[in-house]
Amino acid sequence: MASGAREMSGVSIRSVTKNYGGGTPNAVADLDLEIPEAEFLCLLGPSGCGKSTTLRMIAGLENLSSGEILIDGVTVDSVEKGIFVRPEDRNMGLVFQNYALWPHMTVEQNIEFGLKIRKIPQPERQRRIGEVASTLGIEQYRRRYPSEISGGQQQRVALARMIAVSPRIILLDEPLSNLDAKLRLDMRAELKRIHSELGSTFIFVTHDQWEAMTLATTIAVMNEGRLQQLGKPEDIYERPANRFVAEFVGTLPINIIEMADDGALKAWMSAYLSHLPVNPSEIASVGLRPQSLDLRPAGAADTPRCAATILDIVPTGGNWIVELDVGGERLLALSGDIDGLATGRQVTFTVDRKHVHLFDSGSSRINVV
Amino acid sequence: MIGNSAQARRPASGRAIDRLRYRTRTWLSEPTIVFGLLLSCLFAYFILAPVMMMLVDAITVDFADQNRAGGAEGAFTGYYLHRALASRISPYIFWTPLLNTAIVSFCVIAITLALGSLLGWLVSRTDLLGKRWFSTALVVPYMVPSWTFALAWLALFRNRKIGGLNSWVESLGFSPPDWLSYGIVPITIILALHYLPFVILLVGNALRQFDSQLEDSARSLGASPRIVAFRIVLPLLRPSIISAATLVFAKCLGDVGVTYILGVPVKVDLLATSLLRTISTGQDGMSAVIAGAIIILGAASVLIDMRLLKTAQRYVTIGAKGAIHRTVRLGRWQWPAVTFAAAVVFVSAVVPLFALFLTTVMRTPGIISAGNLTLEFWIGHDLDTTALRQGILLTGEFWVATWNTVWMVGVASVAAGLLGLFVGYVVVRSPVAAVAAFLKQVTFLPYLVPGIAFAAAYLSMFATPHGPIPSLYGTTAILVLALFASQMPFASRAGIAAMMQMGKEPEEAAKIAGAGWWRRAVAIVLPIHRGSLVSGILLPFISGIKGLSLVILLAVPGTDLLTTYAVRLVDYGYTQAANAVAIMICVVAFAGTWVVQKIGRSNLADGIGG
Ligand SMILES: Nc1ncnc2c1ncn2[C@@H]1O[C@H](COP(=O)(O)OP(=O)(O)OP(=O)(O)O)[C@@H](O)[C@H]1O
Ligand SMILES: [Mg+2]
């Protein structure tokens, strides 16, 4: 991230802050992101965390309050240097959440518009329109107006319009959120294919972690305008940088054990941690994913294993969510089989040490070496 | 890797000068702001400056009055104020017209509110027979120029006092008394008939949105129907009633045609005709004082209305969701109600239009016999009149006036419609809030200035040369400019509403596609707003065609519009010809209204007061 970054292609976001004014808190605060070329980056975070704002700043649709943005090594925004490159000169693709097709143009004209602006001759335009239309399966709608096709088809048109000009950087703002489950699956595959074919840099905004996990080469988790963690999908899941990421990512809510509390659970956890090479006084809380809890019927409760009572068992199609009680505190576990388990039975559980997430009083991750 | 740890490296941001430089760069990266500034200058010059100039005229010495006012030209003086408000002639020039204006507008408001609320309720909340038909028919008088009613009145009730043709009543052997033929009574009746549709539309619309559950819940608490009417329904209708009343008041203040035809011959003046007289006799300072008074009254009423509306807005949405609109069964009141509505349609639309038309095909009004019927006032040759010796359709001046009307009002409406859209664009998109606010206010200003006063302002600004701009008096330019400026309130409101509705995504998508500002304007923004642009042009076009108050001061015989031509014919005593022109104007206005409703994007009620 030092001086060498200037030659780097892709997108660099440096100390970018955005405030909409009027006494609102920063929508994006001091954001640093290096997005290498051909990356598929997902911006993931809860509603209102500043994902769209970030995307719109990269596109040039929103100005910055401070910081700078570079694209392929060229500064397109810099508050300090007074540089601003207009969105129309940035040569990007952006698919809006509501598609923003032009209602007065047919599907074909929508796709053609960007090509015309790039002064591509008529025969070449027709060839490219035909190509993207067939790739995205919208050939039969070419002469229709956006109001005459379904939401899913509109979404394909929006993608086609963007792909037709083969932009180097492609920005997608929750493009799948209006689609039904089947179409989402199709479009996800489609996006992956387009990414590998075009070799462009993708920046994809979503608040759906599953979408992020399955599509991204890198995920940036944001909260309240701040970057929480940048990493590969498995890193985000297996090594959450802080409690927010640990709690936000994962289909079942992670179990958090507060070390300041009293009780059987904390006592067991303290004993468990004493076997690890960490300073117990630093640890403020511990996170255990339900998937990593290893359940056994009854048996002896020794240090690595903790005794619990089953409160409830909920089938989820192949897996079971088991609700446990440890001295009055509740815990969730996910189990692949329930042989010998039943409501009211005594069980023991433990976790593999590599699945134990430790957080300090600032909620940051403590790594166990 | 973690954003929080990068804080230490934060550059020395927050330097105000850097931020300002960057901001300016982003503003100037597209011409919206430049465009906004240009529009601001344009409207400052064509709207704000004339009104200011005229108000200044009221307190500075005019060249012609240097001796009397006792000062050099342009010096400050209270002479005109004194002369208009506290001198020997002020009763004639100001106080009596003011009193007349007050009496007429008070009566008009009372009549229209009483009849209009009842009719509005009948067509919106009851099972009145032929409800749909009535709701259109009752609005017809609004589409017809107010002064055509005055012509119709004369055709029916004129007496021999002034001379000219017999009226119908006279032909039937009666001699109508003066008070019925001319003056306050007919002026009041005609203005009331003409502005009745405002009240019907506004109250009707409000009642249509009104939730019956509100009445029901009051009833279930034990309130009697009377209490419900006075404590629940009336207070909730208050905003639209007040709106209608102030609108009618502003219109009465500015309406010059009706009084010109029915009041001036017997020396009954309202403020508007008093203004007309001071201007036509070249008393600039005096006319500025009277116009100023009209502006103050007009602006005050509109501002009071807006203030009241603002507080009312908080409860207009009541019952928007899940509202129940129960229709009131009229039962045995059905026939009285139908008769009443039909009578109003008959008196306010059928009789005047029919009387006007028949006058144009009769040699002596009111006598229906084969020998008396003639088409010569339309297509005749060698009539025994002094000047107008052929039917109106064969008269060159008529076609010149028609052509003038169409092209001048057309150019003004197209310009206003387009600029209205651009104003809307700048207001919604301008990165500088001050420019947006200024544009919004300045384009709204003509709405506060009744037509005749606005025309007076145009005269005081453009009748004399200013810098590079020569005197425009007697040119078509001054007419087109005045028409254009007076249409801006409606045009810019329509433009702002349209731009707000579009949202910014379609344009942002075009930016991303690489389209520059002009390309976006031409290929995206304008086409998307084609529909609202069409009605934003047509609605002002229709009201411009029938308008008289604005142009009566500005047109000269060479630049006549249909309306001023008709009034000139009245002046010369060519009654049939004038009526024929009036009918032609109605035809054009009806056709235009029909087109607008076919295009279907706009509601007539939206155009009210525009
Ligand atoms: N034009 C604006 N003016 C003022 N505040 C805004 C504006 N746009 C966004 N915000 C605020 O900035 C913050 C971030 O908004 P943003 O749209 O980037 O969120 P997001 O992460 O995209 O959320 P979502 O998932 O709901 O789309 C929010 O608190 C929002 O209210
Ligand atoms: Mg968003």
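Only a predicted model underlies this, so the values are computations on that prediction, with no experimental measurement involved.

1. Brief notes about the pattern of salt bridges
Line of reasoning, step 1. Tallying each qualifying case throughout the model produces 37 salt bridges over all chains.
Line of reasoning, step 2. Of the charged contacts in the structure, one is a salt bridge between E258 of chain A and R243 of chain A, with a shortest N-O distance of 2.9 Å. On the criterion of sequence distance, the pair formed by E258 of chain A in strand β12 (residues 255–258) and R243 of chain A in helix α8 (residues 243–248) is long-range, its members being 15 residues apart.
Line of reasoning, step 3. On the basis of relative accessible area, E258 of chain A is assigned to the partly exposed category, the value being 29%.
Line of reasoning, step 4. Connected via shared salt-bridge partners are R86, E88 and D89 of chain A together with E30, R429, E507, K511 and R520 of chain B.

2. Focus on the site of ligand 1
Residues and elements named next belong to chain A.
Line of reasoning, step 1. Y20, A27, S47, G48, C49, G50, K51, S52, T53, E174 and H207 make up every residue found near ligand 1.
Line of reasoning, step 2. A distance of 3.3 Å separates a nitrogen atom of ligand 1 from a polar atom in the side chain of Y20.
Line of reasoning, step 3. At 2.5 Å from an oxygen atom of ligand 1 is found a side-chain nitrogen or oxygen belonging to S47.
Line of reasoning, step 4. In isolation ligand 1 exposes 630 Å². Once the protein is present, 59% of that is buried.
Line of reasoning, step 5. Counted by class, the shell around ligand 1 contains three nonpolar, six polar and two charged residues.

3. A look at the state of the cysteines
Residue and element names in this part refer to chain A.
Line of reasoning, step 1. According to the stated counting rule, one finds zero disulfides over all chains in the structure shown.
Line of reasoning, step 2. Free cysteine C49: the closest other cysteine sulfur is in C42, separated by 13 Å.
Line of reasoning, step 3. For C49, a relative accessible area of 1% puts it in the buried group.

4. Digging into the domain arrangement of chain A
All names here are of chain A.
Line of reasoning, step 1. With domains assigned, chain A is organised as domain 1 (11–248) and domain 2 (255–366).
Line of reasoning, step 2. Between domain 1 and domain 2, the residue contacts involve nine residues of the former and ten residues of the latter.
Line of reasoning, step 3. For the pairing of domain 1 and domain 2, the buried interface totals around 880 Å² over both sides, and the portion due to carbon and sulfur atoms is 50%.
Line of reasoning, step 4. When residues of domain 1 are sorted by the area they lose upon contact with domain 2, Y237, P240 and R243 head the list and together hold 58% of the total.
Line of reasoning, step 5. One can count one salt bridge joining domain 1 with domain 2.
Line of reasoning, step 6. If you look at where domain 1 meets domain 2, you find six residue pairs in polar contact (both at pLDDT 80 or more).
Line of reasoning, step 7. Split by residue class, the side of domain 1 that touches domain 2 holds four nonpolar, one polar and four charged.

The rules behind the values
Residues numbered from 1 in each chain as written. Chains lettered and ligands numbered in written order. Predicted model: local features only at pLDDT ≥ 70, side-chain atom pairs only at ≥ 80, totals over all residues. Heavy atoms only, no water. Salt bridge = Lys/Arg side-chain N within 4 Å of Asp/Glu carboxyl O. Helix = DSSP H or I, 4+ residues; strand = E, 2+ residues; numbered from the N terminus. Buried < 20%, exposed > 50% of the residue type's maximum accessible area, 1.4 Å probe, protein only. Near = heavy atom within 4 Å. Polar contact = N/O pair within 3.5 Å; in protein donor to acceptor, adjacent residues only side chain to side chain. Areas by Shrake-Rupley, 256 points an atom, 1.4 Å probe, with all protein chains shown as cover. Nonpolar A, V, L, I, M, F, W, Y, C, P; charged D, E, K, R; others polar. Disulfide = S-S within 2.5 Å. Domains from an automatic or database assignment. Contact = heavy atoms within 4.5 Å. Buried area = accessible area lost by both parts, 1.4 Å probe.

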